[in-house]
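Observations on the model geometry
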Amino acid sequence: AGGIDGGGSSFQKRRAGGHHLCDFYTPVGSLCEHHILPFFGKVYISLSSKEGEVPVSHAELQGVVWKCSRQLQLQERLATQVAD
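Going along each chain's sequence as written, the residues are numbered from 1 onward. Where local features are concerned, this predicted model is filtered to residues with pLDDT of at least 70; where side-chain atom pairs are given and counted, the filter is 80 or more; whole-chain, interface and lining totals use all residues. With hydrogens and water set aside, each side-chain value is computed from the structure's full complement of heavy atoms.

**Remarks on the overall build of the chain**
Labels follow the DSSP assignment, with helices taken as runs of H or I lasting at least four residues and strands as runs of E lasting at least two, numbered in each case from the N terminus. The helix and strand tally for the chain stands at 2 helices and 4 strands. From first element to last, N terminus to C terminus, the chain shows the α and β order β-β-β-α-β-α. Buried residues are those whose accessible area, probed at 1.4 Å on protein chains only, stays under 20% of the maximum for their type, while exposed residues exceed 50% and partly exposed ones sit between those limits. Considering the chain as a whole, with its 84 residues, one finds that 26% of them fall into the buried category. Residue burial considers only the protein chains on display, and all accessible areas are found by Shrake-Rupley using a 1.4 Å probe. Working note: accessible area of the chain is about 5,600 Å², and carbon and sulfur atoms make up 56% of it.

Structure below.
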């Protein structure tokens, strides 16, 4: 899957100690709300879900990142919004 800047994303699942672990990164781009200039980077997310919990899908994570990056943005606020 391509990101906003045309780069690819990565998704890896593994199990450890009864937990499902998910590592994910994807390119992201947005516009700085102060300068109205584009900025680009990568979002890295690592999730842990317990046995019996429904893990979040790769597509859902990409959707959250995409939705948060569609507005004028500050890099620090983008990280907080995706985490929430």
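**Thoughts on unusual backbone geometry**
Even without glycine at this site, Ile36 takes up a positive phi of about 50°. Inspection of the secondary structure puts Ile36 in the loop between β2 (19–32) and β3 (38–50).

**Overview of the nonpolar core**
If you look at soluble globular proteins, the nonpolar side chains tend to sit buried side by side. Here, nonpolar core refers to any group of buried Ala, Val, Leu, Ile, Met, Phe, Trp, Tyr and Cys residues whose side-chain atoms link them within 4.5 Å. Cys22, Phe24, Val28, Cys32, Phe39, Val43, Ile45, Leu61, Val65, Cys68, Leu78 and Val82 together form the largest nonpolar core, which totals 12 residues. Elements represented by at least two residues in this core include exactly β2, β3, α1 (58–69) and α2 (75–83). Per-element tally for this core: the top contributor is β2, with 4 residues. Throughout, a residue-residue contact means that at least one pair of heavy atoms, one from each residue, lies within 4.5 Å. Those residues in contact with Ile45 that lie beyond four places of it in its chain are Cys22, Asp23, Phe24, Leu61, Val65 and Val82.

**Brief notes about the pattern of salt bridges**
A pair is scored as a salt bridge if a Lys or Arg side-chain nitrogen falls within 4 Å of a carboxyl oxygen belonging to Asp or Glu. Taken as a whole, this structure holds 1 salt bridge when the rule is applied. The salt bridge partner of Glu33 is Arg77, with a shortest N-O separation of 2.6 Å. Taken together, the positions of Glu33 in the loop between β2 and β3 and Arg77 in helix α2 put the pair 44 residues apart, joining distant regions of the chain.

**Notes on the confidence of the model for the chain**
Close reading of the predicted structure is inappropriate where its pLDDT is low. With 75% of its residues at a pLDDT of 70 or more, the chain has an overall mean of 77. Confidence, read as mean pLDDT per element, is least for strand β1 (residues 10–16) in the chain (60) and greatest for strand β4 (residues 72–73) (90). Counted against residues more than four places away or in other chains, residues 1–6, with its pLDDT under 50, gives 12 contacts. A score between 0 and 100, pLDDT records how confident the predictor is in each residue.

**Comments concerning the environment of Pro55**
Mapped onto the fold, Pro55 is located in the loop between β3 and α1. Here Pro55 falls in the partly exposed class, since its relative accessible area comes to 41%.

**As for the environment of Arg77**
Classification of Arg77 by relative accessible area gives partly exposed; the value is 30%. Beyond its immediate stretch of four places on either side in the chain, Arg77 contacts Glu33 and Leu72. A polar contact is formed between the side chain of Arg77 and the side chain of Gln73, at a distance of 3.0 Å. A 3.5 Å cut-off defines polar contacts: any pair of N or O atoms within that distance qualifies, except that in protein one atom must be a possible hydrogen donor and the other a possible acceptor, and neighbouring residues in sequence count only when both atoms are side-chain atoms.

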